[in-house]
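# A look at the structure
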Amino acid sequence: EIMMRAKEEARQRQMKRNCSSFYWIARLITLIDSLKAMAWCNRMRSSFVDRSRSRQQNFNMDRQIGRLPITRALSDDFLENDLVAVQPPTDDKPRLCVVRPDGSVLPLCKHEDDVETDLFTDPRSTVSFWMEVTDDDIKGTYGEGWYGQRPVPSLGGGPGYGAEADEIWTVDLEVLGRIEQEGVVLPVLDVGPSHGEKARGGAY
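A brief report on the enclosed structure follows. (Residues numbered from 1 in each chain as written. Predicted model: local features only at pLDDT ≥ 70, side-chain atom pairs only at ≥ 80, totals over all residues. Heavy atoms only, no water.)

### Observations concerning the side chain of R150
- Mapped onto the elements of the fold, R150 is located in strand β6 (residues 146-151).
- A polar contact of 2.9 Å, which involves the side chain of R150, links it to the side chain of D114. (Helix = DSSP H or I, 4+ residues; strand = E, 2+ residues; numbered from the N terminus. Polar contact = N/O pair within 3.5 Å; in protein donor to acceptor, adjacent residues only side chain to side chain.)

Written as structure tokens, this is what we have:
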């Protein structure tokens, strides 16, 4: 009986040691996962900051060589990536635009057969009016668009590796509903199936 009791106590001690080992292994795995997640977030934040800084530097350079106005047309109430409805003097309805770092705006559009909530710059809009929009031309605001880039399908790599990239601003479906309800123009362009295929494939 004494031997059996001793064996039972030894077995329980071994189980406690095993449980303790499993506990600390699980804690270690959780810690490693947390560190990996923090590192990923830091890389994404750094990448976003670098892209924003690069765009700002490009705009500053354009200003210096005369391609952009020195003064800011919009007031500081409107920040970069804000979505606004702008009333062009020649159109009956306002256009959805995005505010750029220099205070100008760019008209936006959607791509047919693409992600519904991704908005792109409209390549057809080249008039100088968009560089001179003032607060009086703003007819509505729709919050901030989430800025990102999507590589244009090519044989090269992604942004920074020689391939071009489309700028995109992602919004919620609720915002799109408001835009449509208020009659703000947001054209849908047919840019070919490759963009839609790239989007469905998970490109950013």
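### A look at the pairing of strand β2 (residues 95-99)
- Burial runs high along β2: five of the five residues are buried.
- Side chains of β2 alternate between two faces, with R95, C97 and V99 and L96 and V98 buried alike.
- As paired strands, strand β1 (residues 82-86) and β2 are joined by four bridges and run antiparallel to one another. When the sheet's bridge partners are listed, V86 is paired in β2 with R95.
- Summarising the sheet, β2 and strand β3 (residues 105-111) pair through three bridges and their orientation is antiparallel. Bridge pairing in β3 links C97 to P107.
- In this antiparallel pair of consecutive strands, β2 and β3, the connection spans five residues, and G103 shows a positive phi of 95 degrees. (Buried < 20%, exposed > 50% of the residue type's maximum accessible area, 1.4 Å probe, protein only. Pairing = 2+ DSSP bridges.)

### Quick word on unusual backbone geometry
- For N81, which is not glycine, the phi torsion reads 75 degrees and is therefore positive.
- Among the structural elements, N81 can be located in the loop between α1 (2-64) and β1.
- Overall, N81 belongs to the buried group, its relative accessible area being 4%.
- The phi torsion at D113 lies on the positive side, around 60 degrees, for a residue other than glycine.
- Relative to the elements of secondary structure, D113 occurs in the loop between β3 and β4 (118-121).

### Observations concerning the side chain of D114
- Along the chain, D114 falls in the loop between β3 and β4.
- The class of D114 is buried, set by a relative accessible area of 15%.

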